[in-house]
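An overview of the molecular structure
Chain by chain, the residues run as shown.
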Amino acid sequence: MNNSFFVTKASGETVPFSAEKLRLSLRRAGAKKNVIDRIQKEIELKLYPGISTKEIYRQAFSSLRKGSPHLAAKYKLKKALQELGPTGFPFEKYVSEILKYDSYKTTVGQIVQGHCVQHEVDVIASKENQHVMVECKFHSDQMRKCDVKTPLYIHSRFLDVEKAWQKQSGHSHKFHQGWLVTNTRFTTDAIQYGTCAGLNLISWDFPRKGSLRERIDGSGLHPITCLTTLTRKEKQLLLDKGIVLCRELCQNEQLLKEIDILPARQKKVMEEAVLICETKIHSK
């Protein structure tokens, strides 16, 4: 493995090239060992001092896409989450779908009366004796992190809502909790405060068990923005219709006709969507 080159991360930090990280990212996408070996060799031949991690990603994505578009779609998961915009609503709906997979009953975009004031809550979820208020923090830039101000604000809102919930009939025995979900990352202070305050924090890679990435890999609920056979405009048309999952497309091919995709392309899009939906990749 070639680790003699330093690569430049998006933050500007330089770190040694890690073949194992590259292999792990390809394995998470469902690539087999022979494919991983081939792509690793291709990329190592093209390494140069200071190469960006973005360029390495681009090369790996391009190589995957040529042979297995559905694997390339899974490989671009992080970027696909950032395309659930420009507003945060598609991300809120997407988080709701992930919670439904975990047997929660959910409602999106509700106005809730707190003890002091009303609050617009992104997602309210309930399961058995759990009743949770979920706030979703969407960023279209992967460098944007949720700093400590965000959990501070969410926690204060949750406490106001919780005080009102506790007065409702049948809520005395329920476990109430505030959740904060982001598609990027938390700062160290945000994690420290949120954990101390009892908030359930979920980001791209936090917590180690139950991160957003792990939940998506385990559920197979890949966002519609993963699809490599759709243009950005076509993806946005589907998002505008409230369609956020590849699975929704698999269940209703008519959606492609509604956004004026020709039959020949419809077939290609559906083939990719079905392959994405067929398997669940478990992180190792």
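Residues numbered from 1 in each chain as written. Predicted model: local features only at pLDDT ≥ 70, side-chain atom pairs only at ≥ 80, totals over all residues. Heavy atoms only, no water.

What to know about the overall build of the protein chain
Along the protein chain, the regular secondary structure elements total 13 helices and nine strands. A globule of 284 residues ought to have a C-alpha radius of gyration of about 19 Å, and the protein chain, at 21 Å, matches this closely. Taking the principal axes of the C-alpha coordinates as reference, the protein chain spans close to 65 × 50 × 30 Å. Out of the 284 residues belonging to the protein chain, those deemed buried represent 49%. Counted over contacts in the protein chain with a minimum sequence separation of 6, partners at least 24 positions apart contribute 58%. For the protein chain, the accessible surface area stands at approximately 14600 Å², while carbon and sulfur atoms represent 52% of it. Placing the 46 positive and 31 negative side-chain charges of the protein chain at their respective mean positions leaves the two points 4 Å apart. (Helix = DSSP H or I, 4+ residues; strand = E, 2+ residues; numbered from the N terminus. Rg over C-alpha atoms; globule rule 2.2 N^0.38 Å. Buried < 20%, exposed > 50% of the residue type's maximum accessible area, 1.4 Å probe, protein only. Contact = heavy atoms within 4.5 Å. Areas by Shrake-Rupley, 256 points an atom, 1.4 Å probe, with all protein chains shown as cover. Lys, Arg positive; Asp, Glu negative; His and termini not counted. Charge placed at Lys NZ, Arg CZ, Asp CG, Glu CD.)

Notes on the sheet that holds strand E5 (residues 130-137)
Here five strands make up an open sheet; going across it, the order is E3-E4-E5-E7-E9 and the pairing mixed. The open sheet is flanked by strand E3 (105-113) and strand E9 (200-202), the only strands paired with a single partner. Strand-to-strand twist in this sheet, taken as the mean axis angle between neighbours without regard to direction, amounts to 30 degrees. One ladder, built from eight bridges, connects E5 with strand E7 (residues 175-182); its direction is parallel. Residue His131 lies in a different strand from E7, and its bridge partner there is His176. Taken strand by strand, helix H7 (residues 149-165) contacts E3, strand E4 (118-127), E5 and E7, and its axis lies near 150 degrees from that of E5. (Pairing = 2+ DSSP bridges. Axes fitted to C-alpha atoms, helices over the stretch in contact; angles between N-to-C directions.)

Overview of the packing of aromatic side chains
One pass over the structure, following the stated rule, counts four aromatic pairs. Ring centres of Tyr57 and Tyr75 lie 5.4 Å apart, and the angle between their planes is 10 degrees; this geometry places the pair in the stacked category. You can see Tyr57 sitting in helix H3 (residues 53-67) and its partner Tyr75 sitting in helix H4 (residues 69-75), a full 18 residues away along the chain. The buried category is assigned to Tyr75, whose relative accessible area is 12%. Note on Tyr104 and Trp179: the rings are 5.8 Å apart at their centroids and 80 degrees apart in plane angle, and the pair reads as edge-to-face. Of the two residues, Tyr104 is situated in the loop between helix H6 (89-101) and E3 and Trp179 in strand E7; the sequence distance between them amounts to 75 residues. A single burial state applies to Tyr104 and to Trp179, both of which are buried. (Phe/Tyr/Trp six-rings, centres within 6.5 Å; stacked < 30°, edge-to-face > 60°.)

Structural notes on helix H9 (residues 212-219)
Of the positions making up H9, those classed as buried are Leu212, Ile216, Asp217, Gly218 and Ser219. Buried residues belonging to H9 abut helix H1 (19-28), helix H5 (77-82), H6, E7, E9 and helix H11 (246-251). Positive backbone phi, approximately 75 degrees, marks Gly220, located one or two places after H9.

Quick look at the pattern of salt bridges
A complete count under the given rule lists 17 salt bridges for this structure. We note a salt bridge from Lys241 to Glu258, for which the minimum N-O separation is 3.2 Å. Separated by 17 residues along the polypeptide, Lys241 in the loop between helix H10 (232-240) and H11 and Glu258 in helix H12 (residues 254-258) bring together distant segments of the chain. With a relative accessible area of 41%, Glu258 lands in the partly exposed category. One network of salt bridges, in which partners are shared, links Lys93, Glu97, Lys100 and Glu248. (Salt bridge = Lys/Arg side-chain N within 4 Å of Asp/Glu carboxyl O.)

Notes on the pairing of E7
Consecutive residues of a regular strand have side chains that alternate between opposite faces of the sheet. Within E7, seven of the eight residues are buried, which leaves it mostly tucked inside the rest of the structure. Where E7 lies against E9, three bridges are found, and the strand directions are parallel. Within the sheet, the bridge partner assigned to Val181 lies in E9 and is Ile202.

Overview of the side chain of Gln59
You can see Gln59 is positioned in helix H3. According to the relative accessible area criterion, Gln59 is buried, its value standing at 12%. In this structure, Gln59 is in contact with Ile43, Lys46 and Ile51, ignoring residues within four places of it in sequence.

Brief notes about the nonpolar core
One broad rule of soluble globular proteins: the nonpolar side chains tend to lie buried together. Among the nonpolar cores identified, the biggest contains 43 residues, and Leu81, Phe91, Tyr94, Leu99, Val134, Leu227 and Leu249 are the most heavily contacted of them. Element by element, the count of residues in this core is highest for H6, at five residues. Discounting chain neighbours no more than four positions away, the residues touching Tyr94 are Leu81, Leu84, Ile216, Leu221, His222, Pro223, Val244 and Leu245. (Core = buried A, V, L, I, M, F, W, Y, C linked by side-chain atoms within 4.5 Å.)

Focus on the environment of Lys93
One can find Lys93 in helix H6. Each C-alpha atom of the pair Lys93 and Val123 lies 8.1 Å from the other, and the pair is 30 residues apart in sequence. Not counting residues up to four positions away in its chain, the partners in contact with Lys93 are Gly242, Val244 and Glu248.

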